[in-house]
Amino acid sequence: MAPRTRIGERPIMDVKEERPTVADLQGDNAFALLAQKLWLKPSKKPMKVKVRQDVLKSEIWDILEKDNFAFKSLLVLENLQILENYLWPGYSEDSSNFHVLLIVLIANVRTREHLPTWNIFSDNSTEFSSLFRRVLSMTLDTTLSTTVRTHLLSFIISAFQSLDCGIVRKECAPLVSISIWHNLTSDKKREKRLDQSVQLKKAWRAAAKRYDAADEATRSRLFFERSWLFTLILDFFNQLYNEKSKSENILYCERFMEFLSDLQSQLPTRRYVNTLLQDLHTLSAIRMSPAFNNEDNGLLRDLYVLLKHYTYFSIDDHTGIQHTRTEAYERHCANLAVLQRVAYKHFKEKLTILALSNYASIDKRAELEGHLEALTDAEIVELCDLLDFRTSYASSTKLVADRKFLIEVLLSGHEKRKTFQETARDLSILPTELTLFESTLLRNENYNGSQPLAIPKLNLQYLTVGDFLWRSFILHRCESFYEIRRDVEDAIKRLQPTVNRTGQTSFDGFSRMALPITKPGIMETLPPLVGDDKPAAVRAEITLDVSHLADNIRREWESLRPDDVVFILAIQATDDSKMIANGGEIPSDAQKLGLKYLRAAEITQVLDENGRLLRDQYGQQNGHGRPRLRRLQVKLDAAMYKEDMDRVSHGRPDIYESMNLVLRRRGRENNFKPILESIRSLTLSDVPLASWLHEVFLGYGDPAGASYSHLSNQIRKVDYRDTFLDWQHLVESLPGKTVEPSDDVNGSFGPPYVLQTVSKSSEAPAPKPSKKRRRDAEPSPQAEPKAIQISTYKPANTGPYPIDAPKLNHVRFTPTQVDAIISGTQPGLTVIVGPPGTGKTDVATQIINNIYHNFPNQRTLLIAHSNQALNQLFQKIVALDIDERHLLRLGHGEEELDTEANFSKHGRVESFLENRDAYLVEVDRLAANFDAPGAHGSSAETAGYFYSVYVEPAWTRFQESSNLPDATAESIVKNFPFHHYFSNAPQPLFPAGADKETVMDIAHGCYHHVSKIFTELADVLPFEILRRDRDKANYLLTNEARIIAMTSTHAAMRRREISSLGFHYDNVIMEEAAQITEIENFIPLALQNPKNGEMPLQRVVLCGDHFQNSPVIQNLAFAQYANLEQSLFSRLVRLGVPTINLDQQGRARPSIASLYSWRYENLGNLPLVSQLPEFQIANAGFRYDYQFIQVPNYRGRGESEPTPHFIQNLGEAEYAVAIFQYMRLLGYPASTISILTTYAGQRALIKDVLDHRCTKNPLFGFPKIVTTVDKYQGEQNDYVILSLTRTSRVGYLRDIRRLTVALSRARLGLYVLGRREVFESCFELRQAFDLLLERPDKLRIVTGELFPSQRILKEEEGADDVPGETQMEGVEHLGQYVYEMTNSKIQQLRAEKGLPESEAFVATDPSRREAMESIYEEDEELGEGKEGVYEAEE
């Protein structure tokens, strides 16, 4: 994407040193003292804020300016809530410029910290408009320092990235409207542009009328709006051409190029801006500037490449239609044709050759420049004028349009450029040592928000689907290479390469992920395919010495699977003292590690030392002791192999001779190659989105345009089967609608229910459709259904056996859940926001059930972020009336399914064959029923013949006799042909005295049972004919399965394979959609090839919760700057797409739910959380059902951080384990207790403490799980012990989404361990901690009771104390109490079992903690490498 640049760039401050601590916020810090005095002082009633401008200047602004606006100082002020409590409430039009600038600075801090910003201003849109105007004016004020102007520009960038916010959009839109075309070179050029579209002319005339009709003040504002961007760009040119540019000037230019790229990358801002930028020759001006040509400014050069990509992106700026490759080339040729005609007409003598040349010979820079050399300076200017190119700039601008500049304009305007598809095609997806350590990627690794990056952003809107795919490919490739580089660095550091006595590299350390090797042997090089220049395949063999490996590590190497990627490295140990000697170059990052070369290879097979496949030997013992060698047969990266061999042919050394290390990665982390291949293939293809979803996905038009109520194919009559449990449930579920029985029934009746919407007879005339492609277009009003007509039917009898009875839904869905089910059953897009415990999985399951039964010819794809979520969904589907033969589970997660059947492809094939055997036994029983001789039950094929010869004719004769006018119930029973077969069914088969209708119903049910046998066998027949397992599995996917489940990762990995099979589906349902990256949201929508140029997709249902965790992205630059952590779900919510918000939770006690319900609009509680006994009874041994417990320094220590982000807190770890022990001694089942932490380091420490204190003691055992909050999203347990860990600052828990997850995992009891002063002052967490801290912050226990308690919670409300209530003063106090309880329990067990004292359990004395302290020290030493990451990186 970007050219490689020298690493000679500005150093970036260490992020870790910039963070304020609790001491900064509460100690003697000048800002903290000022905050207490002015805006944080306690007050009983709200007071109007009065800002003293002199104090603002002398005590805040001057200090910040003197410190060059240090980020830590700004962060201290932001943490002290200066913006929301002081600066904004005290703002008015009379406020000083310093006041405005401080608001800008703090708002930028919030944006950089990824905190919500604009909602602070939403309470007063008038004042915000005033503020924004002042900021715009100040961006043009050249008397301000460049640093201050850079901060102002960052504020504007943030605003244009937040166009989903109404008050921001209102201010930004006029700045990029058609009025800015007043600044084009000439009226002639503008008229030429306006002639391209009728809509453009209308927009221009409307803007002119608005200006002409305005008063003087409004005209002044309109003039400022249309000239603001133009003036700012000219000032940017001055910055670029300033020969004395300092680092702050370059930073401003980089920020401004980020701003221009942002404007160009979204259609609403690009529509008119692109024309202005090209008219001003912005790219040529940048390329010719001194700043660009200074090689130290690598970031600025890379930002130029990104801006150039967007500026020349092949799209119609006004319609938003992407040009095909053919159309793009035709436009390029038309541009050259204009040049040739002008050249021939006006410069015939000098440019005849140019005018008569073919296009391919003049669209390259060198050739075209050669033709133009013949022209004089004046002729160059004349040529540019004739081509409508700008040839002069304002005298105040340092940019001079001289010959060199104008030639650059001509070259850049006519050269042939790569399309975004060609850019993606040319990027390798397999890394080398050069691509892993490119300066562009290394710069991203050091990101801290202080400067922009040359990577695309995932925006609110995209130019086209291809644009979205290109951005996703670039970003995911960068993210993958970042992770690979981190693994490579970790392995090399652990191996400790050194130079031995012979001068060779040896390894003194050890890594389980890498093994030293001798050079790989090249086995075969296949000749290139037709039209290609690289080998078709390069096969090599790597020999591994595994004799010294532990068995578990050896098995990890042996378990490498075909297509897994490994890396072959050449490591040359370096002598640090000699690396920079005699004025040599500064070594690169790769050289510092000792990495000379790196190549990727794909596993084809793993062999033993005798060359036999290891996969064929699992479960066998060879009896020859420890294995010594293993052989990896691999395919090398053919493209790089060709380059390497070309270098060898030119006398360079063969790099494969120096390869001495092979490195593998963990399976789940190593799927980057198939995922990148899938994204790239989509980028290069023209796979369309479903037409009804296209505009909503891109972010344009009516946000509600894809909802079922706005689509023409809305289904008026739907069978909702068991969705409604009874008539009352039906009426309650449809509030605001008239529910009436259809004409053929009277009064209320039971399910199943068929709902038919009846529209109003006289509807208002439809409004004229808007031609504007605006994302904020108001949804067109829809006619409300006047009534819903309800009908019913008698379900068909399915057979006499209990197994034949249909499995029914028993969930009494709430009205909003029913609303979601109705929407999901209809065609279109359904977005369901499901807060914790609101039953979104039940809703998704019922939607699937309804689609399955209403549309038997449609297929549904189920997608989830994790195997765990998919398995939960699958288990609920299996419990409904869905035939198991239509279910298929792809991927590895089916191994964890808690169901009797195996739903994998292999398991489904096996299941079909097993079912065949059972059904063939039934065929033999039927043959006995008819006394039919022969082996009818030998195969599905013979069973089919038997059905057509015996069963079908017998049933036809029975029906004919039953339909005779004189047929009676007795004669029908007598003629029933299957009496013998159903002799083992519950008797009597036909009740005595049954009428004719009842008898016929039973008979039809019996025949349904019989016919199903042969239907199943007919489905099995292809598996008897097909011989290869792969063919059987693929037939199952493409022909048999109707509900196919897989993770989003599996869909991304197998996209090409699945689509190539001709697999088609009609519906996509995604669980955990808010946790899935946007490209992984997109790929399931494109797993099939179009039919007749259209995607056959009919429904998309997204279930998720954007108030909980977003997708996990390892690198901060990609997560926050590029917004790679954005999901399609959260983006659609921001765009205003209608959502259905589930509003009643049934997971937690109402008191616990109140800790997080404030995050959601109108989240209430289901009656069951108040009515069920488990919610009414108090937690045994605890005074409260939830409590925040203050944990002071333990043994003089709070948190510790042995390695970056590996944060631990021994006091909280001991406290968490002590609470667990206490609960176990009271009788709580271990399976009902989970211990959660906010950091991986704390998780490791708690596990160590548990191992030391509990695991080997049967009194305690181990809790159900000890894990991090992020890992536990989607899970729940009765009791949760939560360790917040941090004692110096809030850390990333300031992201309220993580706290929401943490507080919503517990059903009955939640005990939070933390440092009160750290969290209670945090503005974002305030509402939750206000509730937590209403109760005492020292643990209150209740003595003298065991689990389960007999106390009723409601009876204790308002009581000062409870009998037996005791306060624990700290971890030592609780530890001593648990120790005494343990001894008492041991005494009791000894007495019960008659054990002598020597055989009793031994309790751990809490006063003897030396062993634990040593474990803690060891844990700190081990807190590195793979485990040394914060939770979000796991």
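Residues numbered from 1 in each chain as written. Predicted model: local features only at pLDDT ≥ 70, side-chain atom pairs only at ≥ 80, totals over all residues. Heavy atoms only, no water.

**Student:** What exactly am I supposed to notice about the overall build of the protein chain here?
**Tutor:** For the protein chain, the count of helices and strands is 57 helices and 31 strands. Projected onto its principal axes, the C-alpha coordinates of the protein chain cover approximately 110 × 85 × 80 Å. Per-residue burial over the protein chain gives 55% buried out of 1434 residues. Taking the contacts inside the protein chain whose residues are at least 6 apart along the sequence as the reference set, 79% of them involve residues at least 24 apart. For the protein chain, the exposed area adds up to about 62400 Å²; of that, 50% sits on carbon and sulfur atoms. Taking the average location of the 169 positive side-chain charges in the protein chain and that of its 193 negative ones, the two points are 4 Å from each other. (Helix = DSSP H or I, 4+ residues; strand = E, 2+ residues; numbered from the N terminus. Buried < 20%, exposed > 50% of the residue type's maximum accessible area, 1.4 Å probe, protein only. Contact = heavy atoms within 4.5 Å. Areas by Shrake-Rupley, 256 points an atom, 1.4 Å probe, with all protein chains shown as cover. Lys, Arg positive; Asp, Glu negative; His and termini not counted. Charge placed at Lys NZ, Arg CZ, Asp CG, Glu CD.)

**Student:** Before we go on, may I ask you to explain the sheet that holds strand β6 (residues 565–571) in this structure?
**Tutor:** Hydrogen bonding along the main chain pairs the strands of a sheet, whether they run parallel or antiparallel. Strand order across the open sheet formed by 7 strands is β3-β9-β6-β7-β8-β5-β4, with antiparallel pairing between neighbours. Lying at the two open borders of the sheet, with one neighbouring strand each, are β3 (514–516) and β4 (521–526). Each strand of the sheet is rotated relative to its neighbour by a mean of 30°, with strand direction disregarded. Sheet analysis places strand β7 (residues 595–608) next to strand β8 (residues 629–636), joined by 7 bridges and oriented antiparallel. Note on β8: the bridge partner recorded for Glu 602 is Lys 635. Contacts from helix α30 (residues 638–649) reach β4, β5 (537–545), β7 and β8, with the element oriented near 125° to β7. (Pairing = 2+ DSSP bridges. Axes fitted to C-alpha atoms, helices over the stretch in contact; angles between N-to-C directions.)

**Student:** Please explain the environment of Tyr 1272 as it appears in this structure.
**Tutor:** With respect to the helices, strands and loops of the structure, Tyr 1272 is situated in the loop between β27 (1265–1268) and β28 (1277–1283). Classification of Tyr 1272 as buried rests on a relative accessible area of 2%. For the pair formed by Tyr 1272 and Val 1301, sequence separation is 29 residues and the distance between their alpha carbons is 8.1 Å. Apart from residues no more than four positions distant in its own chain, Tyr 1272 is found in contact with Ser 1234, Leu 1236, Ile 1265, Thr 1267, Asn 1277 and Arg 1305. In terms of polar contacts, Tyr 1272 uses its side chain to reach the backbone carbonyl oxygen of Gln 1276, at 3.2 Å. (Polar contact = N/O pair within 3.5 Å; in protein donor to acceptor, adjacent residues only side chain to side chain.)

**Student:** Got a minute to help me understand α30 in this structure?
**Tutor:** Each full turn of the α-helix corresponds to 3.6 residues, which orients residues three or four apart in the same direction. The terminal C-alpha atoms of α30 lie 16 Å apart, and with 12 residues this matches the ideal 16 Å at 1.5 Å per residue to within 8%. Buried residues of α30: Ala 638, Met 640, Tyr 641 and Asp 644, and no others. Looking straight down α30, one finds its buried side chains confined to an arc of 155°; they lie on one side. The inward-facing, buried residues of α30 abut β4, β5, β7 and β8. Immediately downstream of α30, the backbone of Gly 651 shows phi near 90°, a positive value. (Expected span 1.5 Å × (residues − 1). Arc of directions from axis to C-beta.)

**Student:** Help me understand the sheet that holds β27, please; the structure alone is not making it clear to me.
**Tutor:** Ordered by their spatial adjacency, 5 strands build an open sheet running β23-β29-β28-β26-β27, and the pairing between neighbours is parallel. Unpaired on one side and paired on the other, β23 (1186–1190) and β27 mark the two borders of the sheet. For this sheet the average axis-to-axis angle between neighbouring strands, irrespective of direction, equals 20°. Pairing of strand β26 (residues 1233–1237) with β27 involves 4 bridges; the strand directions are parallel. Bridge pairing links Thr 1237 to Thr 1268 in β27. Helix-sheet contacts for helix α51 (residues 1240–1253) involve β26, β27 and β28, and the interaxial angle to β27 is about 160°.

**Student:** Would you explain the pattern of salt bridges in this entry?
**Tutor:** Two side chains with opposite charge may pair up if their charged atoms get near one another. Within the structure shown, the criterion is met by 82 salt bridges. Measuring nitrogen to oxygen at the nearest pair gives 2.7 Å for the salt bridge that ties Lys 57 to Asp 62. With a shortest N-O distance of 3.0 Å, Glu 415 and Arg 365 are connected by a salt bridge. One end of the pair, Glu 415, is in the loop between α22 (403–414) and α23 (420–426); the other, Arg 365, is in helix α20 (residues 365–372), and 50 residues separate them in sequence. Judged by its relative accessible area of 11%, Glu 415 falls in the buried class. By relative accessible area, which is 21% here, Arg 365 ends up partly exposed. Residues participating in the shared-partner salt-bridge network are Arg 1183, Arg 1340, Glu 1345, Arg 1351, Glu 1356 and Glu 1365. (Salt bridge = Lys/Arg side-chain N within 4 Å of Asp/Glu carboxyl O.)

**Student:** Help me understand unusual backbone geometry in this model?
**Tutor:** Most peptide bonds take the trans configuration, and most residues that are not glycine carry a negative phi. Across the junction of Pro 751 and Pro 752, the peptide omega takes the value 5°, indicating a cis bond. Secondary-structure assignment places Pro 752 in the loop between β11 (739–741) and β12 (754–758). Positive phi, close to 55°, is recorded for Asn 68, a residue that is not glycine. By the secondary structure assignment, Asn 68 is in the loop between α3 (53–66) and α4 (71–79). On the accessibility criterion, Asn 68 (52% relative accessible area) is exposed. Located in the positive-phi region is Gln 496, a residue other than glycine, with phi close to 50°. Its location among the elements puts Gln 496 in the loop between α26 (465–495) and β1 (497–499). The exposure class assigned to Gln 496 is partly exposed, which follows from its relative accessible area of 42%.

**Student:** I'm lost on the packing of aromatic side chains in this one. Help?
**Tutor:** We describe a pair of aromatic rings using the distance from one ring centre to the other and the angle between the two ring planes. For the structure on display, the rule yields 64 aromatic pairs. Considering the side-chain rings of Phe 468 and Phe 697, the 5.2 Å spacing of their centres and the 80° angle between planes classify their relative orientation as edge-to-face. Taken together, the positions of Phe 468 in helix α26 and Phe 697 in helix α32 (residues 691–698) put the pair 229 residues apart, joining distant regions of the chain. A relative accessible area of 0% means that Phe 468 is categorised as buried. In this structure, Lys 57 is placed above the aromatic ring of Phe 98, and the distance from its NZ or CZ to the ring centre is 5.1 Å. The ring of Trp 557 has Arg 664 sitting right over it, with the charged end atom 4.8 Å from the ring centre. (Phe/Tyr/Trp six-rings, centres within 6.5 Å; stacked < 30°, edge-to-face > 60°. Lys NZ or Arg CZ within 6 Å of the ring centre and 35° of its normal.)

**Student:** I tried to follow α22 on my own but got confused; where do I start?
**Tutor:** For α22, with 12 residues, the first-to-last C-alpha span of 17 Å sits near the 16 Å given by 1.5 Å per residue. For α22, the full list of buried residues reads Phe 405, Leu 406, Ile 407, Glu 408, Val 409, Leu 410, Leu 411, Ser 412, Gly 413 and His 414. As for α22, its buried residues are in contact with α15 (282–287), α18 (325–346), α20 and α21 (377–386).

**Student:** What should I look at first to understand the environment of Pro 1111 in this one?
**Tutor:** Relative to the elements of secondary structure, Pro 1111 occurs in the loop between β19 (1099–1104) and α45 (1116–1121). Sequence-wise, Pro 1111 and Asp 883 are 228 residues apart; in three dimensions their C-alpha atoms are separated by 34 Å. Contacts of Pro 1111, omitting those with residues within four sequence positions, involve Ala 1074, Gln 1075, Ile 1076, Thr 1077, Glu 1125 and Ser 1127.

**Student:** When you look at the nonpolar core in this model, what are you seeing that I'm missing?
**Tutor:** Among soluble globular proteins, nonpolar side chains are generally buried collectively. Residues Phe 237 and Phe 259 are the most contacted members of the largest nonpolar core, which totals 123 residues. Beyond its immediate stretch of four places on either side in the chain, Phe 259 contacts Leu 153, Ile 156, Ile 157, Phe 160, Trp 228, Leu 229 and Leu 232. One finds Ile 571, Phe 672, Leu 689 and Ala 1041 within the second-largest nonpolar core, a separate group that totals 114 residues. (Core = buried A, V, L, I, M, F, W, Y, C linked by side-chain atoms within 4.5 Å.)

**Student:** Can you walk me through the pairing of strand β14 (residues 828–833) in this structure?
**Tutor:** The side chains of a regular strand alternate, first on one face of the sheet and then on the other. For β14, the tally of buried residues reaches 6 of 6 residues, placing the bulk of the element in the interior. The sheet contact formed by β14 and strand β20 (residues 1140–1141) spans 2 bridges and is parallel. Directly across from Ile 832, in β20, lies its bridge partner Ile 1140.

**Student:** Help me understand the side chain of Arg 859, please; the structure alone is not making it clear to me.
**Tutor:** Examined against the element boundaries, Arg 859 turns out to sit in the loop between α35 (840–854) and β15 (860–864). No salt bridge forms around the buried Arg 859; measuring N to O, its nearest opposite-charge neighbour Asp 1066 is 6.5 Å away. Here Thr 1038 takes part through its backbone oxygen, which lies 3.2 Å from a polar atom of the side chain of Arg 859. Side-chain polar atoms of Arg 859 contact the backbone oxygen of His 1064, separated by 3.2 Å.

**Student:** Help me understand the packing of helix α11 (residues 198–213) against helix α12 (residues 216–240) in this model?
**Tutor:** Think of two packed helices as two axes; the pair is described by the angle between the axes and how far apart they sit. As a packed pair, α11 and α12 sit with axes 8 Å apart at the nearest point and diverge in direction by 140°. Judged by the sense of rotation from one axis to the other, the crossing of α11 with α12 is left-handed. For the pair α11 and α12, contact is made by Arg 210, Tyr 211 and Asp 212 and by Arg 219, Leu 222, Phe 223 and Arg 226, respectively. Residues of the contact of α11 with α12, tallied by class, amount to 3 nonpolar, no polar and 4 charged. (Left-handed = near helix turned anticlockwise from the far one by under 90°. Nonpolar A, V, L, I, M, F, W, Y, C, P; charged D, E, K, R; others polar.)

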